[in-house]
Structure formats: structure tokens, C-alpha cells
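What follows is each chain in one-letter form.
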Protein chains: 2
Amino acid sequence: MTARIALDIMGGDHAPHEIVAGALMAAGGLDVELLLVGRPREAEAELRGIDNKRIRIVPADDVISMDDHPTESVRAKPNASINVGLRLVKSGEADAFVTAGNTGASMAASLLTLGRVKGIARPALAILFPTGDSATLLLDVGANADWRPIQLVQFAHMGSSYTQKMLGLAAPRVALLSIGEEDSKGSQEVVEVNQALRNSRLNFVGNIESKDLLKGHAEVVVTDGFTGNVVIKLVEGMSDLMFGELRKVVELTPWNKAAGFILMSELRKVRRKLDYTEYGGAVLLGVDGLVVISHGRSNARAMFSAIRAAKDAVEHGVLDLVREVAAEIPAKARRGATNDAPAPTDEEDI
Amino acid sequence: MTARIALDIMGGDHAPHEIVAGALMAAGGLDVELLLVGRPREAEAELRGIDNKRIRIVPADDVISMDDHPTESVRAKPNASINVGLRLVKSGEADAFVTAGNTGASMAASLLTLGRVKGIARPALAILFPTGDSATLLLDVGANADWRPIQLVQFAHMGSSYTQKMLGLAAPRVALLSIGEEDSKGSQEVVEVNQALRNSRLNFVGNIESKDLLKGHAEVVVTDGFTGNVVIKLVEGMSDLMFGELRKVVELTPWNKAAGFILMSELRKVRRKLDYTEYGGAVLLGVDGLVVISHGRSNARAMFSAIRAAKDAVEHGVLDLVREVAAEIPAKARRGATNDAPAPTDEEDI
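Residues numbered from 1 in each chain as written. Chains lettered and ligands numbered in written order. Predicted model: local features only at pLDDT ≥ 70, side-chain atom pairs only at ≥ 80, totals over all residues. Heavy atoms only, no water.

**Some thoughts on the relation of the copies chain A and chain B**
Put simply, the test is: Superposition of the copies was done by least squares, using only C-alpha atoms of residues whose pLDDT is at least 70 in both. Two residues qualify as a contact provided that any one of their heavy atoms is within 4.5 Å of a heavy atom in the partner residue.
It takes a turn of 180° to lay chain A on chain B, together with a shift of 0.0 Å along the axis; the resulting RMSD is 0.0 Å. Both chain copies can therefore be described as sitting about a two-fold axis. Closest approach to the rotation axis among the C-alpha atoms of chain A is made by A259 of chain A, whose C-alpha sits 2.0 Å away. Of the residues that chain A buries at the interface, 100% are likewise interface residues in chain B, meaning the two copies contact each other through the same surface.

**Quick notes on the interface of chain A and chain B**
Where we set the bar: Using a 1.4 Å probe, buried area is obtained as the accessible area two parts lose upon being combined, added over both of them. By definition, a salt bridge exists where a carboxyl oxygen of Asp or Glu is found within 4 Å of a side-chain nitrogen of Lys or Arg. For the purposes of these results, a polar contact is taken to be a pair of N or O atoms within 3.5 Å, where, inside protein, one atom must be able to donate a hydrogen and its partner to accept one; residues adjacent in sequence count only when each atom of the pair is a side-chain atom. Every helix listed is a DSSP run of H or I at least four residues long, and every strand listed is a run of E at least two residues long, numbered separately from the N terminus. Each residue receives one of three labels: charged for Asp, Glu, Lys and Arg, nonpolar for Ala, Val, Leu, Ile, Met, Phe, Trp, Tyr, Cys and Pro, and polar for the others, Gly being one of them.
Taken together, the contact between chain A and chain B spans 50 residues of the former and 50 residues of the latter. In total, about 4500 Å² of surface goes out of reach between chain A and chain B, with carbon and sulfur atoms giving 76% of it. Its largest share of buried area at the contact with chain B, chain A owes to I179, F226 and L234 of chain A, together 15% of the area lost on that side. Between the two partners, chain A and chain B, sit two salt bridges. Residues E209 of chain B and K233 of chain A are paired through a salt bridge, measuring 2.5 Å at the closest nitrogen-oxygen approach. In this structure, the connection of chain A to chain B is made through 10 residue pairs in polar contact (both at pLDDT 80 or more). If you list the elements that add at least two residues to the side of chain A that touches chain B, you get α7 (188-198), α8 (225-251) and α9 (254-273) of chain A. Looking at the side of chain A that touches chain B residue by residue, the classes come out as 26 nonpolar, 13 polar and 11 charged.

**Quick notes on the packing of helix α6 (residues 149-166) of chain A against helix α11 (residues 318-328) of chain A**
All names here are of chain A. Rules: Think of each axis as a best-fit line through the C-alpha atoms, taken over the contacting stretch in the case of a helix, with angles from 0 to 180 degrees between the N-to-C directions. Helix crossings get a hand from a simple test, with the near helix turned counterclockwise from the far one by less than a right angle marking a left-handed crossing and a clockwise turn marking a right-handed one.
Viewed as axis vectors pointing N to C, α6 and α11 meet at an angle of 145°, and their least axial separation amounts to 10 Å. Crossing geometry of α6 relative to α11 is assigned as right-handed. Note on element contacts: α11 touches α6 through V318, L321, V322 and V325, opposite H157, M158, S161, Y162, K165 and M166. Partitioned by chemical class, the residues of the contact of α6 with α11 number seven nonpolar, two polar and one charged.

**Details of the pattern of salt bridges**
Any two side chains of opposite charge can pair, on the condition that their charged atoms come close. What counts here: Exposure classes here rest on a 1.4 Å probe applied to the protein chains alone. A residue is buried below 20% of its type maximum, exposed above 50%, and partly exposed in between.
All chains considered together, the criterion is met by 38 salt bridges over all chains. For K185 of chain A, the salt bridge is made with E182 of chain A, and the minimal N-O distance between the two is 3.6 Å. For E182 of chain A, a relative accessible area of 44% corresponds to the partly exposed category. The partner of E251 of chain B in a salt bridge is K257 of chain B, with the nearest N and O atoms 3.7 Å apart. If you follow the salt bridges from partner to partner, you end up with E209, K211, D212 and K215 of chain A together with K233 of chain B in one network.

**Here we look at helix α1 (residues 17-29) of chain A**
Residue and element names in this part refer to chain A. For clarity, the cut-off: Here the expected length of a helix is defined as 1.5 Å per residue gap, with one fewer gap than residues. By construction, the arc corresponds to the directions joining the helix axis to the C-beta atoms.
Given a rise of 1.5 Å per residue, 13 residues ought to cover 18 Å, and the 18 Å separating the end C-alpha atoms of α1 matches this to within 8%. Inspection of α1 places I19, V20, G22, A23, A26 and A27 among the buried residues, and these make up the whole buried set. One side of α1 holds all its buried residues, which, seen down the axis, span an arc of 155°. Projecting away from the buried face of α1 at angles above 90 degrees are the exposed residues G28 and G29. Tucked inside the fold, the buried residues of α1 contact β1 (3-8), β2 (32-38), α2 (40-47), β3 (55-59) and α10 (300-315).

**Topic: the sheet that holds strand β8 (residues 203-208) of chain A**
Residue and element names in this part refer to chain A. To be explicit about the condition: Two strands qualify as a pair provided DSSP detects at least 2 bridges between them.
Strand order in the open sheet formed by 11 strands is β3-β2-β1-β4-β11-β10-β5-β6-β9-β7-β8, and the pairing between neighbours is mixed. Two strands bound the open sheet, and with one partner strand each, they are β3 and β8. The average undirected angle you get between the axes of adjacent strands in this sheet is 25°. Examined bridge by bridge, β1 and strand β4 (residues 96-99) share three bridges and lie parallel to one another. Bridge pairing in β4 links A6 to F97. This element, α1, spans β1, β2 and β3 of the sheet and lies at about 165° to β2. Together, β2 and β3 form the strand contacts of α2, whose direction differs from that of β3 by roughly 160°.

**Brief notes about empty space enclosed by the protein**
Inclusion rule: With a 1 Å grid laid over protein atoms only, a set of points is called a cavity when a 1.4 Å probe fits there but cannot get out and a pocket when it is open yet has protein on both sides within 12 Å along at least five of seven lines; lining residues have an atom within 4 Å of a point. Grid points are joined across faces, edges and corners, and a volume is the space filled by probe spheres set on the points.
Inspection of the entire model under this criterion finds six cavities of 30 Å³ or more. For the largest cavity, the calculated volume is near 100 Å³. Around the largest cavity sit M242, F243, L246 and V270 of chain A together with M242, F243, L246, L267 and V270 of chain B, which together line it. Partitioned by chemical class, the residues of the lining of the largest cavity number nine nonpolar, no polar and no charged.

**Overview of the pairing of strand β10 (residues 282-285) of chain A**
Residue and element names in this part refer to chain A. Burial along β10 is two-sided: A282 and L284 facing one way and V283 and L285 facing the other are all buried. Two strands pair when backbone bridges link them, and strand β5 (residues 124-131) and β10 are joined in this way by four bridges, in the antiparallel orientation. Counted as the bridge partner of A126 is V283 from β10. Two elements, β10 and strand β11 (residues 290-293), share two bridges in a ladder whose sense is antiparallel. In the strand pairing of β11, A282 is matched with I293. The turn linking β10 back onto β11 is made up of four residues, and G286 within it adopts a positive phi angle of 115°.

**A word on helix α9 (residues 254-273) of chain B**
Counted only if it meets this: The seven residues ending at a residue and the seven starting there each receive a fitted axis; the angle between those axes is the bend at that residue.
With 20 residues, α9 of chain B extends 28 Å between its outermost C-alpha atoms, agreeing within 8% with the 28 Å of an ideal straight helix rising 1.5 Å per residue. The largest bend along α9 of chain B measures about 55° and falls at M264 of chain B. Considered for burial, the residues of α9 of chain B that qualify are N256, A259, G260, L263, L267 and V270 of chain B. On its buried face, α9 of chain B is in contact with α8 and α9 of chain A together with α8 (225-251) of chain B.

**Some words on the sheet that holds strand β9 (residues 220-222) of chain B**
Residues and elements named next belong to chain B. Strand order in the open sheet made by the 11 strands is β3-β2-β1-β4-β11-β10-β5-β6-β9-β7-β8, with mixed pairing throughout. The strands lining the two open edges of the sheet, one partner per strand, are β3 (55-59) and β8 (203-208). Going across the sheet, the axis of each strand differs from the next one's by a mean of 25°, ignoring polarity. In this fold helix α1 (residues 17-29) packs onto β1 (3-8), β2 (32-38) and β3, with an angle of close to 165° to the strand it touches most, β2.

**Regarding the side chain of S210 of chain A**
Inspection of the secondary structure puts S210 of chain A in the loop between β8 and β9 (220-222). In terms of polar contacts, S210 of chain A uses its side chain to reach the backbone carbonyl oxygen of V230 of chain B, at 2.6 Å. In this structure S210 of chain A touches L177 and S178 of chain A together with N229, V230, K233 and L234 of chain B, once residues within four positions along its chain are discounted.

**Details of the packing of α8 of chain A against α8 of chain B**
Interhelical geometry of α8 of chain A versus α8 of chain B gives an angle of 35° and a closest axis separation of 10 Å. In terms of crossing hand, the pair formed by α8 of chain A and α8 of chain B is right-handed. Every residue of α8 of chain B that contacts α8 of chain A at F226, T227, V230, V231, L234, V235, M238, S239, M242 and F243 of chain A is listed here: F226, T227, V230, V231, L234, V235, M238, S239, M242 and F243 of chain B. Residues belonging to the contact of α8 of chain A with α8 of chain B are distributed by class as follows: 16 nonpolar, four polar and no charged.

Below is the structure:
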């Protein structure tokens, strides 16, 4: 069955133009139906002269901007495109929701509209990092700044199942981000997570240090949302900085310019290889519905990747898988989850 | 007065050869006296044919290796070069201790031999990050995987005073690493630190995100030892990865090779600019003595930088400054420190 993707065309730095362009790419290249959620007039302007039965506009009169307060704006603007799009998923009219809008608001609205998968204490934001020939799923990259060990154990289970399906692996290697490879290294909480993962049915390969994060030593790397967010933003900043320095070097002399010209197309490939925003956005695992949150600066190509990631997740039955995993997580962990982990409060600023 | 630096010649991947080479560079270029701490025969072999009254060998028969357990080895090997070197500082025979050895052992031995500055709950490991034209002191980069807000507030005060002296600034800008610029962003603990710094006498410029870390927006960036350690190892890993990719690009075709040849010397400069190991190692702030811990892979040039950093710290009276700061930290913070913060236990694996 063709996957039906609800797409927020009002979210992101380049909305709606690049978002709709990404939708057209997807409609042209993938077996998907697209529900473009946003202001009808802007949607129609973008679609002028285009006739494709697989693209439909779903009106949403309001917009949550990148600067709006996440939880407040979600409540104050029930008809914002993010809310309308998520209700399409809740009602079953869409199989997944894709947005490049305000990340905090998208997460808050997802929790509010879709709720959590039963047994999962907190959802996690997960991104696929390119690592040479393969990819590594890093989670959580920002859903939870405050956390408890049991939540990270659940993230590991969800991440393992997700990569099993999405990357087609029998037993994905799961690692825990820490500040030393030995099991005893890290904060007390991280050591607790390490021990729980050692005793789990997962293919746990131990701790991984951040310097090895991009080397493909594991298909899943688990961390807390504070550290994970610091990591992805640092990768982004380092990439910007290094290619900025490179540009300066190339500008120094005419010889350098010529040399830079020769190398440039290959260097751009290197940069793209390091750019996780090219790889389909972040998946919010643990909410009861499929949600893909793309980088705010996404262009048409990034939106295309995000839509494809959502389509793949639909076709691989990722949501059912997470539900199964949640039911299967060892009883002890489940008890822990129920006793220790606070249910997400709506007032919390995520 | 000439600074007397005790130098561990047995620590680091390239010991003793590169360490002694760094000492010779320092003896040749800086106004320092050097106490080379290590196995006399190896020291003498390195110094054969050299006669410099400013270099003296202090025998230490044992060595703590990079793989030894930090706290256990410090106790089991009282005559290891790290322990002997630190006792020279404790007794006043040396003004500072420099090592490229086992970081955990160096920190444990420093605490054990020198103790903490009165009023400081935990020491912090601080490194100067190159940021274009200036530098940013990042702390803690790994002394404490477990932490409390009050400790980070103390790190901010120590870091501010340190950069004031070392970079010659009237009011260094102090920032707090978090996952959003707004004061409310981050974990509960980080928000607590933010509020305490807002109410402090420091030139607190608010939260900083990791993507801006290398942009020189602040002279001091405070974070916990877990996050800080993840950050510096990720910077290291990214730098290795990117220049590795660059090397691959250059090898692709003869044209690329020629272009790479033209750019290479400038690119090496860029790499050095991003390499914090070039910038004098990490300073352990908060122990009652000056200790500089250099990267394990330090070569002669890096050791020279570390010795220079130690000499500058001696001449700027950094230790007295930290003592003053500890006495000046607002009473509330001091009470917090005494009540909340656990004294470092010797058994703790740091």
C-alpha cells in the first residue's frame, strides 16, 4: 500500500518553497501520497500549474515559528500546521508526519497528540549519522535534557529494532557513549546503563568514545539528550568551521585558487558525507505514531530524504516494531520504567 | 625568579625521547629550570653529551603506564615518576609539575599529594581551545564525570580568574555550555548553574551551544566533565576524520595530487589551529599546586607548549589567584559546596 505522508509546508527556514519542492521530488521519485499541510493560499501558489493526484493540500491556518515557545505555542495554536499534520496521523488519514519546523514544538505536539507507546517512559530523537560506508543511529539527540538510566536502556532497545529493520541487519551492534571504553568509565548513571545493556539480549559492544563516533564501530549509539544534542551541534559546527578555513586557504593565492578548483567537487562530496541533515532528518521514537523532524535549514533535497525516511519507516512497520519492543523489554526494566521514570509532563519544555 | 618545572619524562606515548626533547627546547627558549623525573639510566641516555645547568635529573624508579588503573597504580607505585614529581611540588622544590602520562592517574595523584584548595569542592581539568585569533578555556574536560551545580559555578570562577591572568583580560566573558541559548534551556542542573552565574559577579554572557564553541564568543566555557570530555574527543575525532578524507581526495588523481601539494602546507596550519594539543595541555585547577597534563600523544613541541603554560601559570601567580577566588566565592555557593558536594574519595575512579 502506498505510504501517505503528511508534510508540514510551513516549517523550516526555507518554507514553503523548498519544502514543496522536496514534496514534488518525492512525488516524482517515490511511491508516496503527500498531504501538504499549511496555509492554502501559499500552498496553491507553490503548486500553480502542477497537477498530480498524489499531492493534496490540507488547510492549516496558523504557523508555529522557529522562535515560538515549544509547549506554549502548541497549545495556543491548535490550527498550526504541526498540530493539524499530527492529527492526520492520529486519525489514520496519514501514516507519518514530516516537518522541518520548530523541533521543540514538534516534539511537544507529538507527545500531546499521539501520546507515548505503552511501556516507553520517554520518546527519543534519533538521527542516522553517515559513517563511511554505513550509518550509525545516534539517540537521544535532544528530546530529553533530563533523564534516568532506564530510559537510555529503552532507547537502546528501540534503536536496535529500528536499525534492524531500516538497515536490514540481524543483530545491530549497540554501543553506549561514554568517556572511556571500559565498562566502569563514565558517570554513575552511565555505568548503570552499561550494566543493564550488558545483561540485555541486545548485541551490546560496550562503551564508545566520541572520537570513534563517526567510525562506524556500531550501528546504534545510545546517549542522553543533553550529550547527544551537544554532539550533533558540535559536528555541525566543526564541519562549518573546517570548510570555512578551507575556503580561506583556497582564496590566499591564485595557485591555491586553481588547486581549490581542482579539488572542490570532491571536497563537496566529503562535506555532504559528514552532513547528517542530508540523511533524512530525525525520527522521534517512542511516540505512538511516525514523526520525522528535519533540520530547520533543510532544502528540497533534505526534505526529499526526510520523506523517504518516513516512507521507509512506514513500509518497514517501524511503529509496530517499537510497540512490540516496548512489550518485550525485560520485566525489570519495565518495572523500573514505571517506578522511576516520570511521565512526561506537558509543562516541560522539551 | 626562574620557574622550576618538574617534568615527568616517563609519561606519554613518546616517552622519554620526545619529552626530553621538549625539555631541551624549553631550556633553550624559556627562562626555566627543569627537573627531569624518571628512570636515571633512561634520562642519562637521552641527555648524553648535553651539559646544561638548568636541567637536573630526579630519579624515580617506577612508571605508571597509560593502561594502569588510575587510583590503584598511584597507591601501588609510590616511586612512580608521577608521584615523585608531585612530591617535588608539595615540598616546594618545584613550582609546577608537567606530565603527558596517564590522565586519570595524574589527577588522582595530584589530589592525593597536593590536596584541594580550601573551599573548592572538586578540581577541574581545563584546556585552552584555539578559536581563530583568541582562545577559549573549556572546563571541566574530564576530572568529574559526576557533578553538582555548585561545582560548575566554582569552575566558572576559577576559569574566569585564570583567563584574566593568562590572556590578560579585564573581564573575561564566561559562558555555560547548553543545548539552547535561552537561560531556560538544558537539564535542570544546567539551568541551576545558569541562574547562579546570572547572579554572580562574573561577566556571564549566557548559554552557548556546541556549534558556537570554537567561534570565540567567550573566553571561558563551563561544562561538566562528562560533556566536556565528549566535546574534546569529538573535536579530535572530527579533525582526524576530515583530514583523513582530505588525504583520500588528494590521492584520487594526479591532478588532485598536484593540487593537494600546493595547498598542503596551508592545510597543515589549519589542522594545527584546530589541534588543542598544541596549546599547552590541560591545567588541573583547584588542586593546591600547579599541574599541567599534556595529551598522551604529545611530541617535543607539545611538551614545550605544556612547559611554557606551566611557566606562565607560575609567573602569573595562578595558584594564589585560585586560592583568593576560593575564599571570595559568594558565601551561599561556599555553603553549598560544603553541604552538597561530596569530598573526592580516593577510591573514586577519575
